[in-house]
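Tertiary structure, described
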Amino acid sequence: MYNNYREALHGLARSARFFFGGSIVFGWVYVLFSLLGWLPVLLAFPLFDLVIYFLLLFTMRTFISQISGQSIIKNLILMPLQQIGLLHLFIIATKQLIVKKTLWRGRRI
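Below is a summary of the structure that appears in this document. (Residues numbered from 1 in each chain as written. Predicted model: local features only at pLDDT ≥ 70, side-chain atom pairs only at ≥ 80, totals over all residues. Heavy atoms only, no water.)

Some thoughts on the overall build of the protein chain
In terms of helices and strands, the protein chain carries five helices and two strands. Listed by position from the N terminus, the elements making up the protein chain come as α-α-α-α-α-β-β. For 109 residues, the compact-globule estimate of 2.2 N^0.38 gives 13 Å, and the C-alpha radius of gyration of the protein chain, at 17 Å, exceeds that figure by more than 25%. Dimensions of the protein chain, computed from the C-alpha atoms along their principal axes, are close to 50 × 35 × 20 Å. Scored against the burial criterion, the 109 residues of the protein chain give a buried share of 22%. Of all intrachain contacts in the protein chain linking residues separated by at least 6 positions in sequence, the fraction that spans at least 24 positions is 54%. For the protein chain, the accessible surface area stands at approximately 8000 Å², while carbon and sulfur atoms represent 72% of it. (Helix = DSSP H or I, 4+ residues; strand = E, 2+ residues; numbered from the N terminus. Rg over C-alpha atoms; globule rule 2.2 N^0.38 Å. Buried < 20%, exposed > 50% of the residue type's maximum accessible area, 1.4 Å probe, protein only. Contact = heavy atoms within 4.5 Å. Areas by Shrake-Rupley, 256 points an atom, 1.4 Å probe, with all protein chains shown as cover.)

Observations regarding the environment of Ser 68
Along the polypeptide, Ser 68 turns up in helix α4 (residues 47–68). There is a polar contact of 2.9 Å between the side chain of Ser 68 and the backbone oxygen of Ile 64. Here Ser 65 takes part through its backbone oxygen, which lies 3.4 Å from a polar atom of the side chain of Ser 68. (Polar contact = N/O pair within 3.5 Å; in protein donor to acceptor, adjacent residues only side chain to side chain.)

Here we look at helix α2 (residues 24–36)
The terminal C-alpha atoms of α2, which comprises 13 residues, lie 18 Å apart, in line with the 18 Å expected from a rise of 1.5 Å per residue. Within the sequence span of α2, burial applies to Ile 24, Gly 27 and Val 31. Buried residues of α2, seen end-on, are gathered within an arc of 55° and therefore sit on one face of the element. Residues of α2 that are exposed and point more than 90 degrees away from the buried face comprise Val 25, Phe 26 and Phe 33. Where the residues of α2 are buried, they touch α5 (72–99). The residue sitting at the N-terminus of α2 and contributing the capping side-chain oxygen is Ser 23; that oxygen lies 3.3 Å from the backbone nitrogen of Val 25. (Expected span 1.5 Å × (residues − 1). Arc of directions from axis to C-beta.)

With respect to the packing of helix α1 (residues 5–13) against α5
Here α1 crosses α5 at 60°, and the two axes come no closer than 8 Å. Here α1 is positioned oblique relative to α5, judged by the angle of their axes. In terms of crossing hand, the pair formed by α1 and α5 is right-handed. Where α1 abuts α5, its residues Tyr 5, Leu 9, His 10, Leu 12 and Ala 13 lie against Gly 85, His 88, Leu 89, Ile 92, Ala 93 and Gln 96. Tallied by class, the residues present in the contact of α1 with α5 amount to seven nonpolar, four polar and no charged. (Axes fitted to C-alpha atoms, helices over the stretch in contact; angles between N-to-C directions. Parallel < 35°, antiparallel > 145°, perpendicular 65-115°, else oblique. Left-handed = near helix turned anticlockwise from the far one by under 90°. Nonpolar A, V, L, I, M, F, W, Y, C, P; charged D, E, K, R; others polar.)

A few points about the side chain of Ser 65
Structurally, the position occupied by Ser 65 is in helix α4. Of the residues examined, Ser 65 reaches a relative accessible area of 1% and is grouped as buried. At 2.6 Å, the side chain of Ser 65 forms a polar contact with the side chain of Asn 75. With sequence-adjacent residues up to four places away left out, Ser 65 is seen in contact with Gln 70, Ser 71, Ile 72 and Asn 75.

Next up, the structure:
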């Protein structure tokens, strides 16, 4: 479908906010909770609860990988890169929304 990361990023960014009812704000709320969800746990609870939080996160990723037939180890290793990719996606989506110019499959729309 897309030949490289940049094409895929711009193609997905074009419609990323529509996953959240057309609201870029709700998309950013999801991104921030996804990226920084561990921070309130660290600040409000003992360290043991943070360990439980990450164990639950890894368990969830393991189950999803197993159900979808993906490599569990590969998915756990790539988890931080997936979060960085999500952040990058919403930065591009916000930029496209503000500038009102979108590059899709080599064309400006």
